Amino acid sequence: MSLQQNIDKAKAAGFADALARTAPALEKLRTQHKDGSLPLLRLPEKRDDVSPILGFASLLRDGATDIVFLGTGGSSLGGQTLAQLAGHAIPALGALRTPRLHFLDNLDPESFGAALNQLPLKTTRFVAISKSGGTGETLMQTIAAISEVKAAGLDPHERFFGISEPAKPGKANGLRTLLESIDVPLLDHDPGVGGRFSVLTNVGILPAAVCGLDIPAIRGGAGDALAPILAGKSPAEVPSAVGAALSVAIQKPITVMMAYADKLERFTRWYVQLWAESLGKDGKGTTPVGALGPVDQHSQLQLFNAGPRDKLFTIVTVPAAGKGPKIDPAMSKLVGEAGFGGKTVGDLVAAQGRATAETLAKNGCPVRTIHLEKADERHVGALLMHFMLETIIAAHLIGVDPFDQPAVEEGKVLAKTYLAGG
């Protein structure tokens, strides 16, 4: 993964100061890796859970036409991001793969009800995921799905699986209690890894395994991104520290993540949650926006280039030149675009990604580009760990805790109060 930074000269001094201030954060991360106090940092080297995950994946796929993942936020976006490497949620391709994957991460009464009515329940498997086991949306989805399966005369024990924290004395876990009541197999959610950081745990790895992806490669890539920190490299030699310092020094209220590959569309959504929920506290943080190229060149690029200068841009590209269908010269000439003749679809996408980054820079917009050598398990594993580390380091720089979400919890409590008629 190559990283280039285009830094506004006026911010150079602030950038140098912010980069220097990442040193304590890097030292803390090394300590946390050594003593195991931040389990996220040990996931790249973890292998003892791969066999159980692969076993679950095999059970899920056996005889299934559809696999439904119930969960929201961090319990879903990481799995979606990895599954997209195998074609999930890519236009046309996702509907062609078997089994079909469905991540019902937004609770909507009409669409959820329609899904339960139209899914072939006999050949559908459900996976309910909630770290705490108390997420209201996931509990409602799971109860409704179990009821629908029972009403169809089917045994939910054979069709449901779950991931949640191990039982703790004195702490309620509604999802675990519900699934255990019908003898459903469960994997333990690592209690030391929060939902939005859980992509490298069984939460993200199980959907990846269902898709047949290379699990050690995903975690190996994450290890690649962590390696400079563990090796004691200086902040300037640690890409995640450079990125965190840049985001703080630039001082733009909006952070745009724009990827030029269908396989990275869900990554941009995963990033939005990670950045927003980790840093948006105490009046601090920046607003993340996800975008996909080339499509968003036709919807947002006008604003990006000619609107307010309040954004920091990250452009993520993958090799595209020479790939895809080759364009017929005669038809190219017919439509008035003789230059298309003999070129590939990938040639245009590669040109657009480069042009977007350069145009933004020429128009005075701070922009950095990240180029993945390939949109595969190892490189995306590195990309995911890079941004988790960048987020943690940025939190250190602005003085917030990246692992809590008090405003989210407040809303959950109030919603349950309204539901109960309070």
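The structure presented is a predicted model; accordingly, all values stated were derived computationally and were not measured. (Residues numbered from 1 in each chain as written. Predicted model: local features only at pLDDT ≥ 70, side-chain atom pairs only at ≥ 80, totals over all residues. Heavy atoms only, no water.)

Quick notes on the overall build of the chain
Formally: Strands are runs of DSSP state E lasting at least 2 residues, helices are runs of H or I lasting at least 4, and numbering of each runs from the N terminus. Taken over C-alpha atoms, the radius of gyration is set against a globule rule of 2.2 Å times the number of residues to the power 0.38. Categorising residues by exposure relies on relative accessible area from a 1.4 Å probe, with only protein chains included: less than 20% of the type maximum marks a residue as buried, more than 50% marks it as exposed, and the intermediate range marks it as partly exposed. For this analysis, residues touch if any pair of their heavy atoms sits within 4.5 Å. Only four residue types enter the tally: Lys and Arg on the positive side, Asp and Glu on the negative side; His and the chain ends are excluded. Lysine's charge is taken at NZ, arginine's at CZ, aspartate's at CG and glutamate's at CD.
Summing up its helical and strand segments, the chain has 17 helices and ten strands in all. In summary, the chain has a C-alpha radius of gyration of 23 Å against a globular reference of 22 Å for 422 residues, a match within 12%. Taken along its principal axes, the extent of the C-alpha atoms in the chain is 65 × 60 × 45 Å. Counting all 422 residues of the chain, 49% fall into the buried class. For the chain, restricting intrachain contacts to residue pairs at least 6 apart in sequence, the fraction spanning at least 24 positions comes to 78%. Side chains of the chain carry 42 positive and 42 negative charges; the gap between the two charge centres is 4 Å.

Details of unusual backbone geometry
The linkage connecting Thr98 with the following residue, Pro99, adopts the cis geometry, with an omega of -5°. Mapped onto the fold, Pro99 is located in the loop between helix H5 (93-96) and strand S3 (100-104).

Brief notes about the pairing of S3
Under the convention used in this document: In this scheme, strands are said to pair when DSSP sees at least two bridges between them.
Burial along S3 is one-sided: Leu101 and Phe103 are buried, and none of Arg100, His102 and Leu104, which face the opposite way, are. With five bridges connecting them, strand S2 (residues 66-70) and S3 associate as parallel partners. Within S3, the residue paired with Asp66 across the bridge is Arg100.

Looking at helix H16 (residues 377-398)
For clarity, the threshold we go by: An expected span of 1.5 Å times one less than the residue number is assigned to each helix.
Taking 1.5 Å per residue, 22 residues should reach 32 Å; H16 reaches 32 Å between its end C-alpha atoms and fits that length. Counting buried positions over the 22 residues of H16 gives 19, a clear majority of the element. Looking one or two residues past H16, Gly399 carries a phi angle of roughly 80°, positive in sign.

Things to note about a nonpolar patch on the surface
We apply this condition: Two distance rules govern patches: like charges are joined within 9 Å, and nonpolar side chains (Val, Leu, Ile, Met, Phe, Trp, Tyr) within 5 Å, applied only to residues with over 30% relative accessible area and no salt bridge. The accessible surface values rely on the Shrake-Rupley method and a 1.4 Å probe; as for residues, cover is taken only from the protein chains in view. Between Lys or Arg on one side and Asp or Glu on the other, a salt bridge is scored when a side-chain nitrogen of the former is within 4 Å of a carboxyl oxygen of the latter.
The grouping of Leu107, Met140 and Leu419 at the surface amounts to a nonpolar patch, some 300 Å² of accessible area in total. Along the polypeptide, Leu419 turns up in helix H17 (residues 406-419). Residue Leu419 is classed as exposed on the basis of its relative accessible area, which comes to 63%.

Digging into the nonpolar core
To keep things clear, this is the line we draw: Side-chain atoms within 4.5 Å link the members of a nonpolar core, which is a set of buried Ala, Val, Leu, Ile, Met, Phe, Trp, Tyr and Cys residues.
One finds Leu264 and Trp270 to be the most contacted residues of the largest nonpolar core, which totals 86 residues. It is H16 that provides the largest number of residues to this core, a total of 13 residues. Dropping the residues within four chain positions of it, Leu264 is found in contact with Gln84, Ala259, Val316, Val318, Leu372, Val380 and Leu383. If you look at the next biggest cluster of nonpolar residues, it comprises 19 residues, including Val68, Val149, Ile182 and Val184.

Quick word on the sheet that holds S3
Which entries qualify depends on this criterion: Axes, fitted as lines to C-alpha atoms, cover a helix only where it is in contact. Angles between the N-to-C directions of the axes lie from 0 to 180 degrees.
Strand order in the open sheet formed by five strands is S3-S2-S4-S5-S6, and the pairing between neighbours is parallel. One side of each edge strand has no neighbouring strand; the edge strands of this open sheet are S3 and strand S6 (186-188). Direction aside, neighbouring strands of the sheet carry axes that sit 15° apart on average. Examined bridge by bridge, strand S5 (residues 160-164) and S6 share three bridges and lie parallel to one another. Paired with Gly162 across the strands is Leu186, a residue of S6.

A look at the layout of surface pockets
To find leftover empty space, a probe the size of one water molecule is rolled over the atoms. Definition in use: In the cavity and pocket records, a cavity denotes points on a 1 Å grid over the protein atoms alone where a 1.4 Å probe fits but cannot get out, a pocket denotes an open set with protein on both sides within 12 Å along at least 5 of 7 lines, and lining residues are residues with an atom within 4 Å of a point. Grid points are joined across faces, edges and corners, and a volume is the space filled by probe spheres set on the points. Each residue is assigned to one of three groups, with Ala, Val, Leu, Ile, Met, Phe, Trp, Tyr, Cys and Pro labelled nonpolar, Asp, Glu, Lys and Arg labelled charged, and all others, Gly among them, labelled polar.
Each pocket or cavity is described by its volume, and for the largest pocket that value is around 980 Å³. Ser132, Thr135, Val408, Glu409 and Lys412 are, among the 37 residues lining the largest pocket, the residues nearest its centre. Put simply, the parts of the chain that give the lining of the largest pocket at least two residues each are helix H7 (136-151), helix H12 (265-279) and H17. If you tally residues by element for the lining of the largest pocket, the top one is H17, at eight residues. Across the lining of the largest pocket, the residue classes break down as twelve nonpolar, 16 polar and nine charged. Forming the boundary of the second largest pocket are 18 residues, of which Ala261, Asp262, Val318, Pro319 and Lys323 lie nearest the centre. Considering every element that reaches the lining of the second largest pocket, the biggest residue donor is helix H15 (residues 345-362), with three residues. Looking at side-chain class alone, the lining of the second largest pocket contains eleven nonpolar, three polar and four charged residues.

Thoughts on the packing of helix H6 (residues 109-118) against H7
Our working definition: The cut-offs work like this: below 35 degrees is roughly parallel, past 145 is roughly antiparallel, 65 to 115 is roughly perpendicular, and the gaps in between are oblique. Two helices that cross are described as forming a left-handed crossing if the nearer one is turned anticlockwise from the farther one by less than a right angle, and a right-handed crossing if clockwise.
One way to put it is that H6 packs onto H7 with a least axis distance of 10 Å and a crossing angle of 30°. Here H6 is positioned roughly parallel relative to H7, judged by the angle of their axes. Note that H6 runs across H7; the crossing there is right-handed. Contacts from Phe112, Leu116 and Asn117 in H6 reach Gln141, Ala144, Ala145 and Glu148 in H7. Taken together, the residues of the contact of H6 with H7 sort by class into four nonpolar, two polar and one charged.

Section: the packing of aromatic side chains
To keep things clear, this is the line we draw: Any Phe, Tyr or Trp ring, taking Trp's six-membered ring, that has another such ring centre within 6.5 Å forms a pair; planes under 30 degrees apart are called stacked, those over 60 apart edge-to-face, and the others tilted.
Counted by the stated rule, this structure contains nine aromatic pairs. Each ring, one from Phe56 and one from Phe161, has its centre 5.6 Å from the other, and the planes form 65°; the classification is edge-to-face. Linking Phe56 in helix H3 (residues 50-61) with Phe161 in strand S5, this pair joins segments that are 105 residues apart in sequence. Each of the two residues, Phe56 as well as Phe161, counts as buried. Aromatic side chains Tyr271 and Trp275 sit 5.8 Å apart centroid to centroid with 25° between the ring planes, which places their arrangement in the stacked category. Of the two residues, Tyr271 and Trp275 are both situated in helix H12; the distance of four residues between them amounts to about one turn of the helix. Accessibility expressed as a relative area gives 2% for Trp275, which makes it buried. Here the aromatic cluster, defined as three or more aromatic residues joined through ring pairs, consists of Phe267, Trp270, Tyr271, Trp275 and Phe387.

Some thoughts on the packing of helix H10 (residues 215-230) against H16
It is the contact of H10 with H16, at a shortest axis distance of 6 Å, that shows an interaxial angle of 45°. Our classification of the angle between H10 and H16 gives oblique. Classified by chirality, the crossing of H16 by H10 is right-handed. Together, Ala217, Ile218, Gly220, Gly221, Ala222, Asp224, Ala225, Leu226 and Ile229 of H10 and Glu377, Arg378, Gly381, Ala382, Met385, His386 and Leu389 of H16 make up the contact between the two elements. Per-class residue counts for the contact of H10 with H16 are nine nonpolar, four polar and three charged.

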